[in-house]
Amino acid sequence: MTPDKLTAFIKQEALNLGFDACGIATAAPLPTLESDRFKAWLAEGFQGEMGYLERNLSKRLDPQELVPGARSLIVVTFNYSNKGQRPPSGIARYACRPDYHPLIRNRLYTLMDTIRAAGQPVNGRAFSDSAPLIERYWAQQAGLGWIGKNRLLIRPGIGSWFLLGVLVTDLTLVPDSPQESRCGSCRRCLEACPGQALDETKGLDARRCISYLTIEKKTPFEAYERRICAAGQWLFGCDTCQEVCPWNRFSQPAMDEAFPLLSKLVALDPTALKNMEPAAFTSLTAGTALERTGLASLQRNAEALKKV
Ligand code: B12
Ligand code: SF4
Ligand code: SF4
């Protein structure tokens, strides 16, 4: 197949597999501006305890080091909008569904099988939040949207309620063009953030972000961290900077049968975690993003919801 026919075929097959959009970027090292931004972010200490972001830096800054022989990145979006109110449990919307990581990766491997079955040899690796790869940067390069002041990828006419997946391949494909920011003078996310974690020039200070505090931080909360969590009222993750974003008015509910809203998580009463047995927690969270964070951290989070 010619590169333009192959590109059109791949984009159509990605939609057939249940992805909502698909774009192409050419594999190349990050430009100096971007790699300097990433290094400056680390130098500020904004990564907190997420030491993994400091490792494999040369791979993170160059997908050809991550996947030798890489030529094109196929980037997909996967919708998780529920169009509705904040889940009463305080669990972020994406986490009220099954764990997305294996689901997106497996579908990307199916996409690669489909390309092979059409007679086109291909090698590659699929990722979703699972490798040193700056996914939002590549999604922007692949023409899928812009990185908003809330640091999320926003797609015109869709918003930001979606997850990203990337298939790094040795195929020669026709790349898309990056999009310019359309945030304009809006500052709603910066103003609404309960931890004042967002800065227009420096980016997001994860140490003040409820998503980091409730999901990634393993140690007990300091007093200021508890105050931030009490202000936001999130048990796991945080959606505030997306709830206020005007572009999310356009989102459509996710309909994929393999990614349903789990009512047991939407309606969970955080106070029920206090005396929960480990076996009950396992059966509640098996196959979801909450499983990895564990009962002890969630009990800490629930405790921090109490206003002081
Ligand atoms: C670490 C991480 C986190 C950390 C840190 C977040 C952050 N903003 O960096 C924490 C735990 C806080 C987090 C939270 C969330 N995350 Co997260 N996270 C990641 C992860 C693993 C790496 C992100 C990263 O590299 N950060 C480093 C900083 C430096 O990146 P950056 O600010 O984007 O800057 C880079 C570029 O954007 C660029 N840049 C371009 N223009 C500009 C302008 C400025 C001013 C700056 C500073 C930089 C910059 O420069 C930098 C280098 O290229 C990615 C998956 C992946 N492998 O990419 C998911 C990912 C970004 N997360 C995701 C999600 C869904 C979330 C949450 C919404 C979950 C929730 N509901 O709680 C929140 C949202 C928080 C937020 N407002 O960003 C999705 C985002 C999907 C989307 N639509 O954009 C991703 C892509 C996972 C996935 N596969 O879907 N996350
Ligand atoms: S996820 Fe919540 S705490 Fe983190 S930047 Fe967005 S609004 Fe702030
Ligand atoms: S709330 Fe406003 S500034 Fe923030 S990401 Fe959305 S459009 Fe951009």
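Quick note: structure is the one above.
As the structure is a computational prediction, the values presented were derived from the model and not from experiment.

Student: Would you explain the overall build of the chain in this entry?
Tutor: The helix and strand tally for the chain stands at 14 helices and eight strands. Here the chain has a C-alpha radius of gyration of 20 Å; the compact-globule value for 308 residues is 19 Å, and the two agree. With respect to the three principal axes, the spread of C-alpha positions in the chain is 65 × 40 × 35 Å. Counting over 308 residues, the chain shows a buried share of 51%. Counting only contacts in the chain whose residues sit at least 6 apart along the sequence, the fraction spanning at least 24 positions is 75%. Put simply, the chain shows about 14300 Å² of open surface, and 52% of that area lies on carbon and sulfur atoms. In the chain, 37 positive and 32 negative side-chain charges are present, and the distance between their average locations comes to 3 Å.

Student: I'm lost on the site of ligand 3 in this one. Help?
Tutor: Close contacts around ligand 3 come from Lys 149, Asn 150, Ile 154, Cys 183, Cys 186, Arg 188, Cys 189, Cys 245, Pro 246 and Trp 247, and that covers them all. For the shell around ligand 3, a count of residues per class yields seven nonpolar, one polar and two charged.

Student: For this particular structure, what's the right way to read the sheet that holds strand 6 (residues 162–169)?
Tutor: Strand pairing in a sheet is mediated by backbone hydrogen bonds. Such pairs are either parallel or antiparallel. Strand order in this open sheet of four strands is 1-2-6-3, and the pairing throughout is antiparallel. The open sheet has two free edges, formed respectively by strand 1 (21–26) and strand 3 (124–127), since each of these has just one partner strand. For this sheet, the mean angle separating the axes of adjacent strands, direction not counted, is 20 degrees. The pairing of strand 2 (residues 72–79) with strand 6 spans eight bridges and is classified as antiparallel. Within strand 6, the position partnered with Thr 77 by the bridge is Leu 164. Strands strand 1 and strand 2 of the sheet are contacted by helix 1 (residues 3–16), whose axis makes an angle of about 140 degrees with strand 1. Running over the sheet, helix 5 (residues 100–117) touches strand 2, strand 3 and strand 6 and is turned about 40 degrees from strand 6.

Student: I keep staring at the site of ligand 1 and nothing clicks. Help me out?
Tutor: Around ligand 1 sit 41 residues, and of these Glu 34, Glu 135, Asn 150, Leu 153 and Ser 211 come closest. Residue Glu 135 places a side-chain N or O atom 2.7 Å away from a nitrogen atom belonging to ligand 1. In the model, an oxygen atom of ligand 1 is placed 3.0 Å from a nitrogen or oxygen of the Cys 238 main chain. Mapped by element, the contributors of at least two residues to the shell around ligand 1 are helix 2 (32–43), helix 6 (135–141), strand 6, strand 8 (203–204), helix 8 (210–216) and helix 10 (240–243). Sort the elements by how many residues they give to the shell around ligand 1 and helix 2 lands first, with four residues. Residue composition of the shell around ligand 1, grouped by class: 23 nonpolar, eight polar and ten charged.

Analysis parameters
Residues numbered from 1 in each chain as written. Chains lettered and ligands numbered in written order. Predicted model: local features only at pLDDT ≥ 70, side-chain atom pairs only at ≥ 80, totals over all residues. Heavy atoms only, no water. Helix = DSSP H or I, 4+ residues; strand = E, 2+ residues; numbered from the N terminus. Rg over C-alpha atoms; globule rule 2.2 N^0.38 Å. Buried < 20%, exposed > 50% of the residue type's maximum accessible area, 1.4 Å probe, protein only. Contact = heavy atoms within 4.5 Å. Areas by Shrake-Rupley, 256 points an atom, 1.4 Å probe, with all protein chains shown as cover. Lys, Arg positive; Asp, Glu negative; His and termini not counted. Charge placed at Lys NZ, Arg CZ, Asp CG, Glu CD. Near = heavy atom within 4 Å. Nonpolar A, V, L, I, M, F, W, Y, C, P; charged D, E, K, R; others polar. Pairing = 2+ DSSP bridges. Axes fitted to C-alpha atoms, helices over the stretch in contact; angles between N-to-C directions. Polar contact = N/O pair within 3.5 Å; in protein donor to acceptor, adjacent residues only side chain to side chain.

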